[in-house]
Amino acid sequence: MPDEDTYPASSTDPAIQRLEDLILRSLPALARPGEDPPEYARSAVEVTLGEAQGFFRAIDAGLFELERDGQCRPVRLRAGYYCYPLLYRPLNAVNEVILWREWLTHAAAVASLHGDFHYPRYDIALDVDAFDVLVYSPLNQPLLAVEAKKTSKELDRMLAEISTLQRQTWELRCNAPRLSNAAKKYRGLLALRPEFFLAVAPGISRAYAVHYPDDRAVQRAELIPIEGIAAATDP
């Protein structure tokens, strides 16, 4: 049975209402010169209570600062883009914005890494190589790569493709052909060699230890399922 917070929540839930209010407050600041504020196009799939709560956990912990237009500015994290938009225009020619649904889970993952697993802000980097989050060890080495997906289906599809790729031998070439999303994650594992990989989606968290051949000339990574990632304070 799914966790309770994976079900669509009613608009009376405080976190859902808070998200709705934030979106509506952001629209005037997203108006382009000479135009009215954009319309907000709702997704056919309602935001879940867990998604909204996870996002605001990151905001309330001070990991991100909200701008007037809904942009989220990282606060004292190791690295990352300047801001992350909560809303964006899918079509430039249409005065309409939609919610960047995946960002809710992305931000929640940062809050969990810091709040639940006690990784310091300065060891948490955003958007490194192909990964949404990369946690560094005290020795300044890649420790944990994190990828967030907006649905369990997207997450399962990515993991299934990575499972196929890990049975192949790769070469890290600059002129490699265009890669799928999952292939970019796999290549990122080969390039950065983190010890762990965490794949998250609303209501789902799947953790893996990553094994690499001792011979670094052999480009291969194997994901080994584990119960969960270790906290920063664990030996």
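Cut-offs used in this document
Residues numbered from 1 in each chain as written. Predicted model: local features only at pLDDT ≥ 70, side-chain atom pairs only at ≥ 80, totals over all residues. Heavy atoms only, no water. Helix = DSSP H or I, 4+ residues; strand = E, 2+ residues; numbered from the N terminus. Contact = heavy atoms within 4.5 Å. pLDDT = per-residue confidence, 0-100. Polar contact = N/O pair within 3.5 Å; in protein donor to acceptor, adjacent residues only side chain to side chain. Salt bridge = Lys/Arg side-chain N within 4 Å of Asp/Glu carboxyl O. Expected span 1.5 Å × (residues − 1). Buried < 20%, exposed > 50% of the residue type's maximum accessible area, 1.4 Å probe, protein only.

Colleague: Before we go on, may I ask you to explain the side chain of Asp 123 in this structure?
Modeller: Counting through the fold element by element, Asp 123 comes out in the loop between α3 (101-115) and β7 (124-128). Once residues within four sequence positions are removed from consideration, Asp 123 is found in contact with Arg 78, Leu 134, Val 135, Tyr 136 and Ser 137.

Colleague: Would you take a moment to explain the confidence of the model for the chain for this structure?
Modeller: Close inspection of predicted coordinates is inappropriate in any region flagged by low pLDDT. For the chain, the mean per-residue pLDDT works out to 90, and 89% of the residues sit at or above 70. Of the regions scoring below 50 in pLDDT, residues 1-9 engages in 19 contacts with residues more than four places distant in sequence or in other chains.

Colleague: Looking at this model, I keep getting lost on the side chain of Lys 149. Mind explaining?
Modeller: If you trace the backbone, Lys 149 turns up in the loop between β9 (142-148) and α4 (152-165). Among the polar contacts made by the side chain of Lys 149, one reaches the side chain of Glu 147 at a distance of 3.5 Å. Ignoring any residue separated from it by four or fewer positions in sequence, one finds Lys 149 in contact with Glu 102, Thr 105, Glu 154, Leu 155, Met 158, Asn 181, Lys 185, Val 200, Ala 201 and Pro 202.

Colleague: How do you make sense of the pattern of salt bridges when you look at a structure like this?
Modeller: Opposite charge on two side chains permits them to pair, given that their charged atoms come into close proximity. Applying the stated criterion to the full structure yields 11 salt bridges. Between Arg 18 and Asp 60 there is a salt bridge; the shortest N-O distance is 2.7 Å. Remark: Asp 60 occurs in helix α2 (residues 49-60) and Arg 18 occurs in helix α1 (residues 14-26); sequence separation between them is 42 residues. In this structure, Glu 51 and Arg 101 form a salt bridge, with 2.8 Å as the shortest nitrogen-oxygen distance.

Colleague: Help me out: how do you make sense of α3 in this one?
Modeller: Residues spaced three or four apart along an α-helix point in a common direction, a consequence of the helix completing one turn every 3.6 residues. With 15 residues, α3 ought to run about 21 Å at 1.5 Å a step, and its terminal C-alpha atoms sit 22 Å apart, in line with that. Along α3, 13 of the 15 residues are buried, which leaves the element largely enclosed by surrounding structure.

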